[in-house]
Structures are given as structure tokens and as C-alpha cells.
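Fold and geometry: a report
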Amino acid sequence: MTCWYEGPLAAFDTETTGVDVETDRIVSAAVVVQDAAGTRPRVSRWLVNPGVPVPAGATDVHGLTDEHLQLNGRWPAPVMLEIAETLAEQAAAGRPLVVMNAPFDLTLLDRELRRHRASSLDRWLDSAPLLVLDPRVLDKHLDRYRKGRRTLTDLCEHYGVELAGAHDAAADAQASLDVVRALGRRFAARLERLAPPELHDLQAVWHAAQARGLQAWFARSGSEESVDPAWPLRPDLPAAA
């Protein structure tokens with residue numbers, strides 16, 4: 001029987017105007033679907049004119065300028081609808097969705113749906129929930145004592161995954177998917193008996209524990225920064241931007 005990490009997987013990634021899920025906007029997104037390890041992926045890409053200026057710092061990361069997005073990007077409302085439909089299709093098919101640092105990308109998409117569609121991500125998932133695989137959460141739990149950073153670039157280097165074109169949504173989505181497959185093989189003894197729904201629920205517990213540990217470290221360091229324990233989607237605020 002094929003283990004889940006060798007079978008069908010999808011991956012989702014975004015590039016944005018910044019790192020605040022409540023106020024920043026999506027400027028590009030991609031969904032990569034792969035039916036089995038080693039097969040040719042199917043890639044859906046979106047380029048968005050966010051309707052707000054793109055800070056220079058964000059452009060330095062992903063290379064997308066205001067001028068380029070105004071000329072080539074689509075309005076957010078139809079794009080957010082298409083992305084939500086695509087993720088709902090993955091959920092309906094029972095295909096696990098790889099999302100690196102899921103609370104960022106999924107929460108940002110949720111806020112964009114609220115902003116432009118008077119909707120929410122949960123409304124698109126009523127009939128079938130997402131089965132999320134977050135390589136950041138998985139790696140931190142399975143190899144918790146390893147020193148160093150755990151960005152996507154770091155994980156690709158650690159697991160021997162090629163990352164061509166970092167900070168391109170499609171390239172990052174594919175790399176995240178490949179990291180999860182490599183991680184699954186490395187920790188097969190601990191993962192192969194877990195079905196994706198079980199693993200989804202466990203990651204929520206693991207992420208909460210990781211958040212508590214990071215919060216304690218901030219407290220010891222004298223930092224007032226707060227860490228949200230919610231995974232894979234942060235709850236909505238009373239008045240989202």
C-alpha cells in the first residue's frame with residue numbers, strides 16, 4: 001500500500017505585500033497538484049493587482065512591482081474566488097494540501113475572501129475540510145532539537161530538495177511539497193501509520209505546543225511579541241482590516 005507521502009498531494013503558496021495577515025494583500029498565488037511522487041505536476045498560477053501600493057521591501061523579496069501588477073495582475077475578487085474553489089476541490093478529493101507556515105497563507109486568503117467576496121475560507125470547506133500538511137510544523141516536531149533556522153530555504157537544504165526561483169509562489173509550493181515527501185521518507189517509521197486526517201489533527205496540537213515554547217522564549221528575552229497558537233487558520237478578529 002502506498003504511503004500518503006508517496007501518493008497524491010497538492011501545495012499552496014502566496015506572495016504578498018507584507019507579513020500582516022490582517023492588513024496585507026496577496027499579489028500572486030499558486031496551487032501545485034501532483035498525483036504521485038515523481039509525476040509531472042499540474043500548476044495553477046494567479047497574479048493579482050492588489051489595489052494598494054506594494055512596499056519596496058516586499059518587491060525586493062518577490063520581484064513584483066506596482067507597475068507590473070497593474071499591467072498584468074487581475075482584480076482580487078475573481079482571483080480569490082478561483083483560489084477558494086481550487087482549494088475546495090483538493091479537499092473534496094481528499095488530497096492533502098501542503099502549506100508552509102499554513103497559518104500565514106491560509107489566514108491571509110481568508111481575510112482576502114472576507115475583504116473582496118464577503119465570504120470566508122471556512123464557507124468553501126463546509127462539505128469537506130482541508131487536510132493540511134505544514135512542513136514547518138512537521139519538521140519542528142520530528143526533529144525538534146536540531147539547531148538553526150527552519151525557513152523553506154533551510155528545509156530544502158536540510159532535506160536535499162531543489163528550490164529553483166525562491167519567492168515565486170509556484171516554485172515555493174513545489175519545493176514545500178517535495179520537502180514533505182522527503183520528510184515523510186526520512187521519518188517513515190513515525191509517519192507511515194498516520195493517515196492525513198490524523199496527522200492534520202496532530203499538527204494542531206504540535207503547533208500549539210511550539211507556539212507556547214516560542215512565547216516562553218520571548219518572555220525570557222524581554223520581548224512583548226505574541227505568538228498565535230491557532231493552526232492551520234487563525235480565528236477572525238472582531239474587525240478585520
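Now for a quick tour of the structure. Here the structure is a predicted model, which means the values were calculated and not measured. In every chain, residue numbers begin from 1 and rise along the written sequence. This being a predicted model, a pLDDT of at least 70 is required before a residue's local features are given, and a value of 80 or more before pairs of side-chain atoms are given or counted; all residues contribute to the totals for chains, interfaces and linings. With hydrogens and water excluded, all non-hydrogen atoms of the structure serve as input to the side-chain values.

1. A look at the overall build of the chain
Under the convention used in this document: Only DSSP runs of H or I covering at least 4 residues are called helices, and only runs of E covering at least 2 are called strands; the numbering of each starts at the N terminus. Restricting the calculation to C-alpha atoms gives the radius of gyration, and the globule rule supplies 2.2 Å times the number of residues raised to the power 0.38. Whether a residue is buried, partly exposed or exposed follows from its accessible area with a 1.4 Å probe, protein chains only, as a fraction of its type maximum: under 20%, in between, or over 50%, in that order. Here a residue-residue contact requires only that any non-hydrogen atoms of the pair lie within 4.5 Å. Residue-level accessible areas treat just the shown protein chains as cover; the underlying method is Shrake-Rupley with a 1.4 Å probe.
Across its full length, the chain carries 9 helices and 5 strands. Shown N-terminal to C-terminal, the secondary structure of the chain runs as helices and strands in the order β-β-β-α-α-α-β-α-β-α-α-α-α-α. Here the C-alpha radius of gyration of the chain, 17 Å, is about what a compact globule of 241 residues would show, namely 18 Å. Each principal axis of the C-alpha distribution contributes one length, and for the chain these read about 50 × 50 × 35 Å. For the chain, the proportion of its 241 residues judged to be buried stands at 50%. Across the chain, contacts joining residues at least 24 apart in sequence account for 68% of those joining residues at least 6 apart. A total of about 11,800 Å² of accessible surface is found on the chain, and carbon and sulfur atoms cover 52% of it.

2. What about helix α4 (residues 102-117)?
Our working definition: One fewer than the residue count of a helix, multiplied by 1.5 Å, yields its expected span.
Here α4 is 16 residues long and its end C-alpha atoms lie 21 Å apart, about the 22 Å a rise of 1.5 Å per residue gives. Taking burial as the measure, the 16 residues of α4 include 12 buried ones, the bulk of the element. Those residues of α4 not exposed but buried are Ala102, Pro103, Phe104, Asp105, Leu106, Thr107, Leu108, Leu109, Asp110, Arg111, Glu112 and Leu113. Packed against the buried residues of α4 are β1 (9-16), β2 (26-34), α3 (76-92), β5 (132-133) and α9 (196-220). Phi turns positive one or two residues past the end of α4, at Ala118, with a value near 50°.

3. What to know about unusual backbone geometry
The omega angle of the peptide bond from Trp231 to Pro232 is 5°, so this bond is cis rather than trans. With respect to the helices and strands, Pro232 occurs in the segment after α9. Here the phi dihedral of Asn101 falls at roughly 55°; this positive angle occurs in a residue that is not glycine. Relative to the helices and strands, Asn101 resides in the loop between β4 (97-98) and α4. With a relative accessible area of 28%, Asn101 lands in the partly exposed category.

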